[in-house]
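Next come the chains, spelled out residue by residue.
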Amino acid sequence: MCEDGHQRDAHEQHAHEQVEHGQDARGQDTRHPNGPNRRALFVTGAAAALTLGGVSFASGAERRAPGRDRTPGSKETRTVRGTLPTGSPDFVYLPVEVPYGVRELRVVYSYEKPAVPPGTQGNALDIGIFDERGTELGGKGFRGWSGGARTEFFLRADEATPGYIPGPIRAGTWHIALGPYTVAPDGLPYEVTITLTYGSPGRTPKPVHPPERARGRGRAWYRGDCHLHSVHSDGRRTPGEIAALARAAGLDFINSSEHNTHSAHPHWAEHAGDDLLIMLGEEVTTRNGHVLALGTDPGTFVDWRYRARDNRFGRYARRIRDAGGLVVPAHPHATCVGCNWKFGFGEADVIEVWNGAYTPDDEVSLADWDSMLVASVRGGRPWIPAMGDSDAHRDPDRIGGPQTVVLADDLTREAIQEGLRRGRSYVAESRDVELAFSAAGGRGRHAGIGGRLDVAPDDPVTVRLDIKGAPGCTPRIVTDQGVLFTGTKLPESGTGTVEWRTTAAYAAYVRAEVRHDPAVAGLPGALRAFTNPVFLGR
């Protein structure tokens, strides 16, 4: 970490002020010769952060004078320019002194994206905002985040840009949060323009959230997709469009999972129904991996401003569980910058092994998860179930591809979460695929997916897999030793049954895979479906 004195030149700001709507404009450049405040570079208890020199719209006396006369609808604007160097902290905060009587706060930002040498990361700058309650990690000041998905946003009491939380624009020190995700070798020049509109603040509507129960079929298999993005983060679909596509994909439940914001939560209620359970959550998107907060209480915000080295994730995993959610590391071996999961799996309730169209990183995730199953057997530790989601953002991303099929007592938030937590589930490429997988042995004992067959080590065990909707695919039985049975290719009807006999001494667990033909000779084909394991033995 550099001393802030070493960064003064790089962070020197140029603040141009102008006042609109007929008021006098000073039209002057105000240079901050010392750059950021000498106490600006600090550690928040997590990732290092930098606070720039503040932007003021009024003197201290004016900020404390709620009766100051301002014409309703009048505006004031400030523009701040600067350059962030390579090695900048994860978060750079721009304080904005907001006076009384503000109806709307609007921010527009841009940054340069120069060409960089091959193999070198270019500039990427995220943005969000915290209100006068501060930027404390896990605090109450969060008012929205759009990452790199938008170039502007606004907040009012009655409305806000998707990704941001409506509410009054109270007087005090707000902070625009800049997140230099990657910085080019020559630095990241940026420009931020803040416009305040004065007037009556208006009222904030009381949020309405979707019900936690839909009309289910009792104890049954329910299909869902728990990783979806709308216009409230970097998706291009509205909540209504997502709900319609979920129904078309044969889904019974979905989960709202926007990047680092809960702004979508009040926008799902009108799209839920007896036929579709909509759970609420967040994709907590850190610099060291992403994790789904699956099925949290309405309005739950989970902070993301930390790295694995900060040793803070346990606190936020507890935050997710305290809010009634599941902790689900997402696409743990994805190759995008910051997407690979580096926090370990000690806090995981479920792991998203299959994410979107099946790719090599999903194959690595599947193998890694299977190794964790082996380790749990060897160490006598609880095992972590797997699931799959689409991570759909926009066309042509297919909602429900893949989907997790869960055995639950009913179509409720609690029952679906319980089925996922216990691993009573399998993952299918689409609604067309149906699996039934079980093991039987001993004196009429039987166990299904996620269960344990209580048999002696040498008792004969029969494993059965029934398949529908997988034409031309090949079934396999996988154990803690690896693939021990490969069936014949399924006919064009896509329907078939395979049986395999073993013992608990030979196989600590069994799980099923159904695969397409390999695209490359010598490598496994993409998955059509896979199950969580059935454990064998006492």
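Residues numbered from 1 in each chain as written. Predicted model: local features only at pLDDT ≥ 70, side-chain atom pairs only at ≥ 80, totals over all residues. Heavy atoms only, no water.

Draft legend 1. Looking closely at the overall build of the protein chain. When helices and strands are counted, the protein chain shows six helices and 33 strands. The buried share of the protein chain, taken over its 538 residues, is 56%. Restricting to contacts in the protein chain with at least 6 residues of sequence separation, those with at least 24 account for 72%. As displayed, the protein chain has an accessible area near 22,500 Å², and 48% of this comes from carbon and sulfur atoms. (Helix = DSSP H or I, 4+ residues; strand = E, 2+ residues; numbered from the N terminus. Buried < 20%, exposed > 50% of the residue type's maximum accessible area, 1.4 Å probe, protein only. Contact = heavy atoms within 4.5 Å. Areas by Shrake-Rupley, 256 points an atom, 1.4 Å probe, with all protein chains shown as cover.)

Draft legend 2. The arrangement of the environment of Leu276 in detail. Looking at where Leu276 falls in the secondary structure, it is placed in the loop between strand S15 (253-256) and strand S16 (277-279). The exposure class assigned to Leu276 is buried, which follows from its relative accessible area of 1%. Taking the C-alpha atoms as reference points, Leu276 and Leu411, 135 residues apart in sequence, are found 8.7 Å from one another. Ignoring sequence-local partners within four residues, the contact set of Leu276 consists of Ala214, Ala243, Ala246, Arg247, Leu251, Asp252, Phe253, Ile254 and His271.

Draft legend 3. Local environment of empty space enclosed by the protein. Applying the stated criterion across every chain, the model contains two cavities of 30 Å³ or more. Roughly 70 Å³ of internal volume is contained in the largest cavity. Forming the walls of the largest cavity are Pro210, Pro211, Glu212, Ile278, Met279, Leu280, Thr296, Pro298 and Arg413. For the lining of the largest cavity, a count of residues per class yields six nonpolar, one polar and two charged. (1 Å grid on protein atoms, 1.4 Å probe; cavity = no way out; pocket = protein on both sides within 12 Å on 5 of 7 lines; lining within 4 Å. Points joined across faces, edges and corners; volume = space filled by probe spheres on them. Nonpolar A, V, L, I, M, F, W, Y, C, P; charged D, E, K, R; others polar.)

Draft legend 4. Representation of the pattern of salt bridges within the structure. For the structure on display, the rule yields 37 salt bridges. The residue Asp90 makes a salt bridge to Arg307 at a minimum N-O spacing of 2.6 Å. Here Asp90 is found in the loop between strand S6 (75-84) and strand S7 (91-98), whereas its partner Arg307 is found in the loop between strand S18 (289-294) and helix H4 (313-322), with 217 residues between them in sequence. Across the pair Arg464 and Asp466 runs a salt bridge whose closest N-O atoms are separated by 3.0 Å. Among the charged side chains, a network of salt bridges with common partners joins Glu104, Arg106, Glu152, Arg156, Asp158 and Glu159. (Salt bridge = Lys/Arg side-chain N within 4 Å of Asp/Glu carboxyl O.)

Draft legend 5. Just the sheet that holds strand S19 (residues 326-330), in detail. A sheet is described by the order of its strands in space; here three strands give the open sequence S17-S18-S19, paired in antiparallel fashion. In this open sheet, the two strands that pair with only one neighbour each are strand S17 (282-286) and S19. Here the average twist between neighbouring strands, direction ignored, is 25 degrees. In this sheet, S19 lies alongside S18 in antiparallel orientation, the contact comprising five bridges. Residue pairing for S19: Leu294 is matched across the bridge by Leu326. Sheet strands in contact with H4 are S18 and S19, and its direction is about 125 degrees off that of S19. (Pairing = 2+ DSSP bridges. Axes fitted to C-alpha atoms, helices over the stretch in contact; angles between N-to-C directions.)

Draft legend 6. Structural view of the nonpolar core. Ranked by internal contacts, the top residues of the largest apolar core, which has 39 residues, are Trp304, Phe313, Ile351, Val353, Leu366, Trp369 and Phe530. Broken down by secondary-structure element, the contributors of at least two residues to this core are S7, strand S10 (142-147), S18, H4, strand S20 (351-355), helix H5 (360-379) and strand S32 (527-531). Sequence-distant contacts of Ile351, that is, excluding residues within four places in its chain, are made with Val328, Pro329, Pro332, Phe345, Trp369, Met372, Ile384, Pro385, Ala386 and Met387. In this structure, Leu94, Val98, Tyr190 and Ile194 belong to the second largest nonpolar core, which totals 32 residues. (Core = buried A, V, L, I, M, F, W, Y, C linked by side-chain atoms within 4.5 Å.)

Draft legend 7. Spatial organisation of the state of the cysteines. Considering all chains together, one arrives at one disulfide under this definition. The disulfide partner of Cys336 is Cys339, and the S-S distance across this bridge is 1.9 Å. Judged by the torsion about the S-S bond (-115 degrees), the Cys336/Cys339 disulfide is left-handed. Classification of Cys339 as buried rests on a relative accessible area of 6%. (Disulfide = S-S within 2.5 Å.)

Draft legend 8. Region of interest: the packing of aromatic side chains. Throughout the structure, instances matching the rule amount to 21 aromatic pairs. For the pair Phe91 and Trp145, a centre-to-centre distance of 6.5 Å together with 65 degrees between the ring planes defines the contact as edge-to-face. Of this pair, Phe91 sits in strand S7 while Trp145 sits in strand S10, and the two are 54 residues apart along the sequence. You'll find Phe91 and Trp145 in the same group, each marked buried. Aromatic rings pair up to connect Phe91, Tyr93, Phe130, Phe142, Trp145, Phe301 and Trp304 into one cluster. The ring of Phe91 has Arg287 lying over it, and the distance from NZ or CZ to the ring centre is 5.5 Å. Arg305 extends its terminal NZ or CZ atom over the ring of Trp304, reaching a point 5.9 Å from the ring centre. (Phe/Tyr/Trp six-rings, centres within 6.5 Å; stacked < 30°, edge-to-face > 60°. Lys NZ or Arg CZ within 6 Å of the ring centre and 35° of its normal.)

Draft legend 9. Summary view of the pairing of S20. When you tally the buried positions in S20, you get five out of five residues, the bulk of the element. Of the pairings in the sheet, the one linking S20 to strand S21 (residues 386-389) comprises four bridges and is parallel in character. What sits directly across from Glu352, in S21, is Met387. For the segment spanning S20, H5 and S21, crossover handedness is right-handed. (Right-handed = clockwise from strand over helix to strand, strands pointing away.)

Draft legend 10. Quick peek at the layout of surface pockets. Within this model, the largest pocket holds a volume of roughly 730 Å³. Along its surface, the largest pocket is lined by 37 residues, and Asp234, His259, His290, Cys339 and His393 are the ones closest to its centre. Listing elements by their share of the lining of the largest pocket, those giving two or more residues are strand S9 (124-130), S10 and S17. Partitioned by chemical class, the residues of the lining of the largest pocket number 13 nonpolar, 16 polar and eight charged. If you add up the space inside the second largest pocket, you get close to 450 Å³. The wall of the second largest pocket is formed by 22 residues, among which Pro166, Pro207, Ser263, Pro266 and His267 lie closest to the centre.

Draft legend 11. Expanded view of H4. For H4, the full list of buried residues reads Phe313, Gly314, Tyr316, Ala317 and Ile320. Viewed along the axis of H4, the buried residues span an arc of 165 degrees, placing them on a single side of the element. Next to the buried residues of H4 lie S18 and S19. Just beyond H4, the residue with positive phi is Gly324, at close to 85 degrees. (Arc of directions from axis to C-beta.)

Draft legend 12. Highlighting the confidence of the model for the protein chain. Here the protein chain averages 90 in pLDDT, and 89% of its residues register 70 or above. Predicted confidence for residues 1-46 stays below pLDDT 50, and this span has 104 contacts to residues more than four positions away or in other chains. (pLDDT = per-residue confidence, 0-100.)

Draft legend 13. Just the environment of His227, in detail. Note that His227 resides in strand S14 (residues 220-228). Look at His227 and you get buried, because its relative accessible area is 0%. Counting along the chain gives 55 residues from His227 to Glu282, while the straight-line C-alpha distance between them is 8.9 Å. In contact with His227, not counting residues within four places along its chain, are Asn255, Ser257, Glu283, Leu292, Ala330, His331, Glu352, Asn355, Asp389, Ser390, Asp391 and Ala392.

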